[in-house]
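Architecture at a glance
Single-letter residue listing:
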Amino acid sequence: MGKYQLDSKGKVAVTKFHEKQTPSKFDKKQHLEKIRAEYLKKKQKQNETD
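Right, let's walk through the structure included here. Source: prediction; values computed, not measured. (Residues numbered from 1 in each chain as written. Predicted model: local features only at pLDDT ≥ 70, side-chain atom pairs only at ≥ 80, totals over all residues. Heavy atoms only, no water.)

1. A closer look at the overall build of the chain
Put simply, the rule is: What counts as a helix is a DSSP run of H or I of at least four residues, what counts as a strand is a run of E of at least two, and both are numbered from the N terminus. Exposure categories follow from relative accessible area, calculated using a 1.4 Å probe and restricted to protein chains: below 20% of the type maximum is buried, above 50% is exposed, and the middle band is partly exposed. Throughout, the Shrake-Rupley method with a 1.4 Å probe supplies accessible areas, and for residues the shown protein chains are the sole cover considered.
When its secondary structure is counted, the chain shows one helix and zero strands. Burial statistics for the chain: of 50 residues in total, 2% are counted as buried. On the chain, roughly 5,600 Å² of surface is accessible, and the fraction owed to carbon and sulfur atoms is 57%.

Below, the structure written as structure tokens:
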């Protein structure tokens with residue numbers, strides 16, 4: 001077992017903290033995918049006009 005034991009209140013606080021932290025990473029990935037899709041569309045339009 002670990003050196004520091006959490007009571008139920010502490011465990012709830014830790015899970016709440018992690019729930020708040022995870023979406024920011026997830027949103028970052030979605031944002032990058034969105035930017036990439038827009039870039040590819042723009043690139044495709046450029047190639048069609050050339």
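2. Focus: the environment of L6
The condition that has to hold: Any pair of residues with heavy atoms lying within 4.5 Å of one another is described as a contacting pair.
Secondary-structure assignment places L6 in the segment before α1 (8-49). In this structure, L6 is in contact with K11 and V14, ignoring residues within four places of it in sequence.

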